[in-house]
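Next come the chains, spelled out residue by residue.
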2 protein chains.
Amino acid sequence: MSDLESYKVRTKEWFEELRNQICASFEAIEKEAAGPLSDRPAGRFDRTPWDREDQADGSHGGGGVMSIMRGGRVFEKVGVNVSTVHGTFTPEFAKNIPGADQDPRFFATGISLVAHMNNPKVPAVHMNTRFIATTKHWFGGGADLNAALPVKKDTSDFHKAFKAACDAHNPDYYPKFKKWCDDYFYIKHRKRARGEGGIFYDQHNTGTWEDDFAFTQDIGKTFNSIYPELVRRHMNEEWTTEEREELLKYRGYYAEFNLVYDRGTTFGLKTNGNVEAILMSLPPEAKWP
Amino acid sequence: MSDLESYKVRTKEWFEELRNQICASFEAIEKEAAGPLSDRPAGRFDRTPWDREDQADGSHGGGGVMSIMRGGRVFEKVGVNVSTVHGTFTPEFAKNIPGADQDPRFFATGISLVAHMNNPKVPAVHMNTRFIATTKHWFGGGADLNAALPVKKDTSDFHKAFKAACDAHNPDYYPKFKKWCDDYFYIKHRKRARGEGGIFYDQHNTGTWEDDFAFTQDIGKTFNSIYPELVRRHMNEEWTTEEREELLKYRGYYAEFNLVYDRGTTFGLKTNGNVEAILMSLPPEAKWP
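- An unreviewed UniProt entry lists chain A under the name coproporphyrinogen oxidase, from Temperatibacter marinus.
- In its Pathway (unreviewed entry) section, the UniProt entry covering chain A states "Porphyrin-containing compound metabolism; protoporphyrin-IX biosynthesis; protoporphyrinogen-IX from coproporphyrinogen-III (O2 route): step 1/1."
- The heading Subunit (unreviewed entry) in the UniProt record of chain A holds the text "Homodimer."

Structure follows, in structure tokens:
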């Protein structure tokens, strides 16, 4: 097996393993929850495999598995999608993808997660990491916190955790990837950030694949450590109708960002992607009062 | 006063007059309502004037008035925006606007309305008519019905009314403008229409301004006759929780259309338009379960 082929196998296996670890964490939280809505049964993930449409040349385009938990005690709706797809970029897209100008074939594997919470005091979150290969290959990803009612210490602990993960690899990463996140998750027409930020990186290839893979693994592990900690910190707190209304309005802004600006969403929708997987990020309920 | 200057004054006055007529119709419906939620006070419109940002040359860019009724017995949220603005297109936009390649200055006046209803059995609706002038000038507009639980006779009566309005001017209008509406209000990623259709027309200039103005006036009058009729037909009916959930899911699709595809919305958001006026079209509550 060539190096590249082994990279594809190892990244795919890692993203699946990370999905299993995160789903286990979140189901453990559901079992522990003892606050509002704990009269509900503990939420469980349902897994639904999906296939990508077959390619023009008749070959299979890959697919993925959507893991969704709905209506839990703590998690109102959380989707974790792992996909591994391959195919050929159209000439129009190939122009904008590194390495695809020479050969438009691509491979992409990744994990993408969005969690919307019942409790307005528990922040929502987004996390995504991926490995892409054309004639070049690179990692991308990040995580950002989205609190309708931000708590300084939560924001600060979330950032500290990702700073530590970044610093262990390169002290330049955190400042660069934090700024990238702030720039990316900005709702231009509202003149406000989508949330409390985090990190965002793309086309990450330092020339040492093992390091880059270890970095991407650390981002996933850090997520699965700090986010459950923040959830546990607030999940048993009570909330008021006014706080829930704040959350629903905040989610409206979140939906606006994803539908108007998010490149993955708009790219996916306009290129016949899997609609359910792409729009899993949309909030279970939102208001524009 | 030149012909064109008188056209600007007359169209602006008509759109304001139509707004007054529609607001009066809708407030009359609120007073009459005797079904679910009629223990609430009858809804009333609040008017909020807004100014467009001043132009680069220091001149005033015009503005408008948002009329909004919220939390009524029948109308959950309805916004009627009348705006009259002028300015200079950026070179990039000027390329795509008829007549603006010769001189980038423009004038635009119009009325835009979106109504979201409490009762899943009462269809939502959108209506918009406008007059634009560059070195050329034209009318545009339309109306389309959006029922979460479509009723054949409602759809058919809505279309009949606009067909009659169109036919009185030109028998070619209705088939052409109906198709234009179907093509425009299509949610590509969902492979479904946004609603039950209606009519849509743009860059409408037959060479006889008085006829074109009369046509645009007739579209507004037709709207203010047929839509209140459809509302009265269903407003006192009861609904179930399941029907309301259907409505909230349907509104999710509506929000997707407006944020992903609607040219007025995406154009407005990306060019620093009045966010509150542009996003008044978004549903007061929506679900992506």
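Having put the structure on the table, let's press on.
**A word on the overall build of chain A**
Here is step 1 of the chain: Secondary structure summary: chain A contains eight helices and 10 strands in total.
Here is step 2 of the chain: For 289 residues, the compact-globule formula gives about 19 Å, and the C-alpha radius of gyration of chain A, at 19 Å, lands near that figure.
Here is step 3 of the chain: Each principal axis of the C-alpha atoms in chain A carries an extent, and together these give about 55 × 40 × 40 Å.
Here is step 4 of the chain: Looking at the 289 residues of chain A, the share that counts as buried comes to 57%.
Here is step 5 of the chain: Put simply, 67% of the contacts in chain A that link residues at least 6 apart link residues at least 24 apart.
Here is step 6 of the chain: Here chain A has roughly 12,600 Å² of accessible surface; of this, 50% comes from carbon and sulfur atoms.
Here is step 7 of the chain: Of the side chains in chain A, 38 bear a positive and 42 a negative charge, and the two mean positions are spaced by 4 Å.

**Structural notes on the interface of chain B and chain A**
Here is step 1 of the chain: Taken together, the 25 residues of chain B in the interface contact 25 residues of chain A.
Here is step 2 of the chain: When residues of chain B are sorted by the area they lose upon contact with chain A, His189, Leu259 and Trp288 of chain B head the list and together hold 27% of the total.
Here is step 3 of the chain: At the surface where chain B touches chain A, the tally comes to two salt bridges.
Here is step 4 of the chain: Joining chain B to chain A, the criterion identifies nine residue pairs in polar contact (both at pLDDT 80 or more).
Here is step 5 of the chain: At the level of secondary structure, the elements contributing two or more residues to the side of chain B that touches chain A comprise α6 (241-260), α7 (263-270), α8 (275-278) and β10 (285-287) of chain B.
Here is step 6 of the chain: Counting residues per element, the side of chain B that touches chain A draws most heavily on α6 of chain B, which supplies four residues.
Here is step 7 of the chain: Among the residues making up the side of chain B that touches chain A, the classes are represented as 13 nonpolar, two polar and 10 charged.
Here is step 8 of the chain: Summarising the sheet, strand β10 (residues 285-287) of chain A and β10 of chain B pair through three bridges and their orientation is antiparallel. Bridge pairing in β10 of chain B links lysine 287 of chain A to glutamate 285 of chain B.

**Quick look at the packing of helix α3 (residues 152-167) of chain A against helix α5 (residues 209-234) of chain A**
Residues and elements named next belong to chain A.
Here is step 1 of the chain: Relative to each other, α3 and α5 sit at 160 degrees, their axes nearing to 9 Å. When the axes of α3 and α5 are compared, the pair comes out roughly antiparallel. For the element pair α3 and α5, the recorded crossing hand is right-handed. Side by side, α3 and α5 meet where Lys153, Asp154, Asp157, Phe158, Ala161, Phe162, Ala165 and Cys166 of the first sit next to Phe215, Asp218, Ile219, Thr222, Phe223, Ile226, Leu230, Arg233 and His234 of the second.
Here is step 2 of the chain: For the contact of α3 with α5, the per-class residue count stands at 10 nonpolar, two polar and five charged.

**Some points on the pairing of strand β3 (residues 75-88) of chain B**
Residue and element names in this part refer to chain B.
Here is step 1 of the chain: Counting buried residues in β3 gives 12 out of 14 residues, a clear majority hidden from the surface.
Here is step 2 of the chain: By the bridge criterion, nine bridges tie strand β2 (residues 62-70) to β3 in an arrangement that is antiparallel. In the sheet register, methionine 69 faces β3, and the bridge partner there is valine 78.
Here is step 3 of the chain: The turn joining β2 and β3, which pair antiparallel and follow one another in sequence, is formed by four residues; a positive phi near 60 degrees is taken by glycine 71.
Here is step 4 of the chain: Sheet topology places β3 next to strand β4 (residues 105-117); 13 bridges connect them, and they run antiparallel. When the sheet's bridge partners are listed, valine 82 is paired in β4 with isoleucine 111.

Conventions adopted
- Residues numbered from 1 in each chain as written.
- Chains lettered and ligands numbered in written order.
- Predicted model: local features only at pLDDT ≥ 70, side-chain atom pairs only at ≥ 80, totals over all residues.
- Heavy atoms only, no water.
- UniProt positions renumbered as here; feature names shortened; annotations may be inferred.
- Helix = DSSP H or I, 4+ residues; strand = E, 2+ residues; numbered from the N terminus.
- Rg over C-alpha atoms; globule rule 2.2 N^0.38 Å.
- Buried < 20%, exposed > 50% of the residue type's maximum accessible area, 1.4 Å probe, protein only.
- Contact = heavy atoms within 4.5 Å.
- Areas by Shrake-Rupley, 256 points an atom, 1.4 Å probe, with all protein chains shown as cover.
- Lys, Arg positive; Asp, Glu negative; His and termini not counted.
- Charge placed at Lys NZ, Arg CZ, Asp CG, Glu CD.
- Buried area = accessible area lost by both parts, 1.4 Å probe.
- Salt bridge = Lys/Arg side-chain N within 4 Å of Asp/Glu carboxyl O.
- Polar contact = N/O pair within 3.5 Å; in protein donor to acceptor, adjacent residues only side chain to side chain.
- Nonpolar A, V, L, I, M, F, W, Y, C, P; charged D, E, K, R; others polar.
- Pairing = 2+ DSSP bridges.
- Axes fitted to C-alpha atoms, helices over the stretch in contact; angles between N-to-C directions.
- Parallel < 35°, antiparallel > 145°, perpendicular 65-115°, else oblique.
- Left-handed = near helix turned anticlockwise from the far one by under 90°.

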